[in-house]
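# An overview of the molecular structure
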Amino acid sequence: MNAEEHDSYNKKRPSQGPYSSNECGKKMKQQEEECIKSEQHNYRGFASLPTDVLISILCRSPASDHTALRDTCKSFRTTIDSASFKGERATSGWAEVSTHLLTGEELYDRVNPNGPEDVSLSDGDVDEDATEEERANKLRWKIAEKRVEEIIDYGYSELGCMDEDYGYHDITMDIEVDGKRCGSMHLVLLPRGVYHNYPFHEAADAHSSELQMVGVRLCDSVGRLKVRSIKNEELVSGEAGEGGFLHIKTVRINEAYQPMDCTSVVSEAVRSALSQPKLEGKWTLVTAISDYQVYMTTEEMEFKRKVRYGGNAEEKERADKRFWECALLDTLTLLRIGFKQIPETVSQKQNPYWLFALPCFLNDPIKSFEEVNQIPLIEPPDLPPEPIGVDSEMLESMKKYFINMRQILDTLKRTKLELDKSEQNFSDRLAEMERRSAEVRTSIERGKPDHISDESWAEMVADVERGEEELRTHSAEIEESIQSAREDHRNQIDNVAMPIAMEEFQVEMTALVRKGGSIRKSHAIHCCSRFRITQFIDFLIDMIPIEERAQVLSSWDACGLTPLHCVVLGTPEVDDKDEYLDFVERLLGLGADTNVKSARGVTPLGQYRLTMTNKFDYNNVFGIRSGDEPAGWRPFHRKMEGLLRPYRGETDADVEAKCAVLDNDVDPNVLGEGGDDVNAWMDDDEDENMEGDEENDNEDDEGEE
């Protein structure tokens, strides 16, 4: 006890004289012990508080004081180390969140904690009489030299790891809460523009399937935006036109900092990562796809894996519900820091949300969870359900027959191509032989030379005439043989294979309809349109009640597509262009409506344009040159555009989807999917500086048009 406590204690002691007996002494000693216990109880302090109260008090302390507080007493140390304390710091907003961008050297050291392997001193590195200290110094110098070489060779850079071929950066960041590493974040940074020696889509595809999907959907082959919602924001801010394309791949954080699905720590971590000084000025557009794994706990992930293969319906429904709850939480997390939804990517339910942000979006304060809950998310329209029961059985059966019929038709097409090729080769050889025969005939018609006898000349003329006759006979035989082969193959398909398949198909479909199956609910017309099986479409239409036919031909399937959308969803090839046209004309003749939009907001015309744009962009990215050039497609393109053009007018999405390669007489090798000339990337001042060459000026004008 200190002096004040001692005085207080003396005041409380009973006033008695000196101990007169053992009994009196024991009584006095007992009173002293009771007073000491009473004082100790009164002076226990914070440590005596209930745990929840202690957490509420300590969580308000700055992170810099946590070490000192932990050393104060066991109670404080246990409290600060607990998951409840971390959760309270996160939910109350007192947690101090930051990120640390790992440089290439830090990544190398993390992957190779023991430094380079197999580094040793050789005979020529040090003198024979070198001391142990000199040898150790030389070895350390050699290890450091090897470390620098490997950092350069492996592509480590200031931003992490750089791919030398495509120029993109894989960026890794540590998430730190209250000064301790508690998670990580992975991002990808791709430069954009025509001044790079690679196509943007090729770089995205080389990185990962996710980045390839995002890059193709949002940008053209050189990285220019083709999505209206982002373009509109660009017009306001002027930021997203070119520059770095940043994509958030993954965010993972300690579960203790996400109590009750709290989004505060992740929101602050993402904002901190995008505001890193090393990334300043290096990106103009950042995208992300909502990720359920950010908020799903280890236990929930294990439960989801367990019920995927062996759970009952109730367990699967519970797992799916939690799955989408976590995906929505990640979406709200990004909305809190300024991200916006990309409406063009909303197509069907149970697809993750796509979001984007520009640098200017990050200037506003982080929104509260209540505020972002008031932001309406764009949801896809309600789609027809997947076929179930007999309808599902009918759909699977149809797929089997359609695949078989598709193989038959493809075989017929391949055989026809082979026969066409043989006939062309024969025609070329025949033309060459006829040319030579004509030259010989011409020389004979000039008359007999003086040095050749009449007998020899007569034999030569007879040989030429026999050769011409044999040539005509041989030509007729080969032509007859080719035509016979064509006829035999056509008869085999038309009179044997196809009638048998058609009969079996009709019998099985009729039986399934009698069991309660529905042509409409099974999406049979959509499936047939996807495979372009003209031979079956009439039979399927006849099985639909007359009053429902128009509705079925213009209705959505479970993917939000009409039969016309399904036809042009596939990529046409040179040899089957007529097949696409014939099937489209057949559906239109049956009453299909070209004005109906898909779940993505495009009419069949817009879907066709998207398909053709992707086709030529793919060929351009991978350098495919097989005679499949735009000039040969333009007659087909004009006819298809005329067939599919909606009489109510094109939608904005249809206009955005225009295929510039086919709509303009320009070289597809200098075009992206947006259709503008590469010079459109230049500033106006640069265009003016390039004036003077009349040919270049004309090309620039065409690009602007």
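Predicted model, so just to flag it, every value in this text is computed and none were measured.

### Looking at the overall build of the protein chain
What the protein chain contains, in helices and strands, is 28 helices and 9 strands. For the protein chain, the proportion of its 705 residues judged to be buried stands at 42%. If you sum the accessible surface of the protein chain, you get close to 39,300 Å²; carbon and sulfur atoms cover 48% of it.

### Observations concerning unusual backbone geometry
It is generally the case that most residues other than glycine have a negative phi and that most peptide bonds are trans. Phi is positive for Asp118, close to 55°, though the residue is something other than glycine. Within the secondary structure, Asp118 is located in the loop between helix 7 (104-111) and helix 8 (132-153). In this model, Asp261 sits at a positive phi of 60°, which is unusual for a non-glycine residue. As for its position among the elements, Asp261 is in the loop between strand 6 (245-253) and helix 12 (264-274).

### Section: a negative patch on the surface
On the surface, Asp127, Glu128, Asp129, Glu133 and Glu134 cluster together to form a negatively charged patch. Turning to its location among the elements, Glu128 is positioned in the loop between helix 7 and helix 8. Glu128 sits in the exposed class, given a relative accessible area of 81%.

### Section: the packing of helix 12 against helix 14 (residues 313-336)
Two elements in contact, helix 12 and helix 14, have axes separated by 9 Å at closest approach and are oriented at 50°. One way to sum up the angle between helix 12 and helix 14 is to call them oblique. Considering the relative orientation of helix 12 and helix 14, their crossing is right-handed. Contacts from Ser264, Val266, Ser267 and Val270 of helix 12 reach helix 14 at Thr333, Leu334 and Arg336. Class assignment of the residues belonging to the contact of helix 12 with helix 14 gives a composition of 3 nonpolar, 3 polar and 1 charged.

### Some thoughts on the pattern of salt bridges
If you walk through the whole model with that rule in mind, you get 25 salt bridges. A salt bridge links Asp174 to Arg181; the nearest nitrogen and oxygen atoms lie 2.9 Å apart. Owing to a relative accessible area of 5%, Asp174 belongs among the buried residues under this scheme. On the accessibility criterion, Arg181 (52% relative accessible area) is exposed.

### Focus: the nonpolar core
In this structure, Ile171, Met185, Leu190, Val270, Leu274 and Phe339 are the most contacted members of the largest nonpolar core, which totals 71 residues. Looking at this core, the element that brings in the most residues is helix 14, giving 7 residues. Every residue in contact with Ile171, bar those within four places of it in the chain, is listed here: Leu101, Leu159, Met185, His186, Leu187, Leu189, Leu246 and Leu279. Residues Cys527, Phe536, Leu564 and Phe583 belong to the second largest nonpolar core, which totals 46 residues.

### With respect to the pairing of strand 4 (residues 169-177)
In terms of residue burial, strand 4 counts as a mostly covered element, since 7 of its 9 residues are buried. Taken together, the 5 bridges between strand 1 (residues 97-101) and strand 4 define a ladder with antiparallel strand orientation. Counterpart to Val97 in the pairing with strand 4 is Val177. In the sheet, strand 3 (residues 160-162) pairs with strand 4 via 2 bridges, with the strands oriented antiparallel. Pairing of Met162 across the sheet is with His169, part of strand 4. The antiparallel hairpin formed by strand 3 and strand 4 contains 6 residues in its connecting segment, where Gly167 sits at a positive phi of about 80°. Sheet topology places strand 4 next to strand 5 (residues 180-190); 9 bridges connect them, and they run antiparallel. Looking at the pairing, Asp170 lines up with Val188 of strand 5. Where strand 4 folds back on strand 5, the antiparallel hairpin that results is connected by 2 residues, among which Asp178 adopts a positive phi of roughly 55°.

### Description of the side chain of Arg224
Here Arg224 is to be found in the loop between helix 10 (209-218) and helix 11 (228-237). A polar side-chain atom of Arg224 sits 2.7 Å from a polar atom in the side chain of Asp220.

### Digging into the environment of Arg228
Looking at where Arg228 falls in the secondary structure, it is placed in helix 11. Between the C-alpha atoms of Arg228 and Ala653, which are 425 residues apart in sequence, the distance is 8.5 Å. Not counting chain neighbours up to four residues away, the residues in contact with Arg228 comprise Glu344 and Glu656.

### A short note on the side chain of Gln276
Here Gln276 lies in the loop between helix 12 and strand 7 (285-289). Discounting chain neighbours no more than four positions away, the residues touching Gln276 are Thr99, His100, Leu101 and Met173.

### So, the packing of aromatic side chains
Geometrically, a pair of aromatic rings is defined through the distance of the ring centres and the angle of the planes. Counted by the stated rule, this structure contains 12 aromatic pairs. When the ring of Phe323 is compared with that of Trp324, the centres are 4.7 Å apart and the planes differ by 85°; the resulting orientation is edge-to-face. Judged by its relative accessible area of 17%, Phe323 is buried. Members of the aromatic cluster, each reached through a chain of ring pairs, are Tyr401, Phe402, Phe505, Phe531, Phe536 and Phe539. Note that Arg217 overlies the ring of Trp354, its terminal NZ or CZ placed 5.9 Å from the centroid. Positioned over the ring face of Phe361 is Lys340, at 4.7 Å from the centre of the ring.

### Observations concerning helix 16 (residues 390-445)
Counting along an α-helix, one turn takes 3.6 residues, and residues three or four places apart therefore face a common direction. Under the 1.5 Å per step criterion, the end-to-end length of helix 16 is 80 Å for 56 residues, consistent within 8% with the ideal 82 Å. Following helix 16 by one or two positions, Gly447 has its phi on the positive side, about 110°.

Parameters at a glance
- Residues numbered from 1 in each chain as written.
- Predicted model: local features only at pLDDT ≥ 70, side-chain atom pairs only at ≥ 80, totals over all residues.
- Heavy atoms only, no water.
- Helix = DSSP H or I, 4+ residues; strand = E, 2+ residues; numbered from the N terminus.
- Buried < 20%, exposed > 50% of the residue type's maximum accessible area, 1.4 Å probe, protein only.
- Areas by Shrake-Rupley, 256 points an atom, 1.4 Å probe, with all protein chains shown as cover.
- Patch = residues over 30% accessible without salt bridge, like charges linked within 9 Å, V, L, I, M, F, W, Y side chains within 5 Å.
- Salt bridge = Lys/Arg side-chain N within 4 Å of Asp/Glu carboxyl O.
- Lys, Arg positive; Asp, Glu negative; His and termini not counted.
- Charge placed at Lys NZ, Arg CZ, Asp CG, Glu CD.
- Axes fitted to C-alpha atoms, helices over the stretch in contact; angles between N-to-C directions.
- Parallel < 35°, antiparallel > 145°, perpendicular 65-115°, else oblique.
- Left-handed = near helix turned anticlockwise from the far one by under 90°.
- Contact = heavy atoms within 4.5 Å.
- Nonpolar A, V, L, I, M, F, W, Y, C, P; charged D, E, K, R; others polar.
- Core = buried A, V, L, I, M, F, W, Y, C linked by side-chain atoms within 4.5 Å.
- Pairing = 2+ DSSP bridges.
- Polar contact = N/O pair within 3.5 Å; in protein donor to acceptor, adjacent residues only side chain to side chain.
- Phe/Tyr/Trp six-rings, centres within 6.5 Å; stacked < 30°, edge-to-face > 60°.
- Lys NZ or Arg CZ within 6 Å of the ring centre and 35° of its normal.
- Expected span 1.5 Å × (residues − 1).

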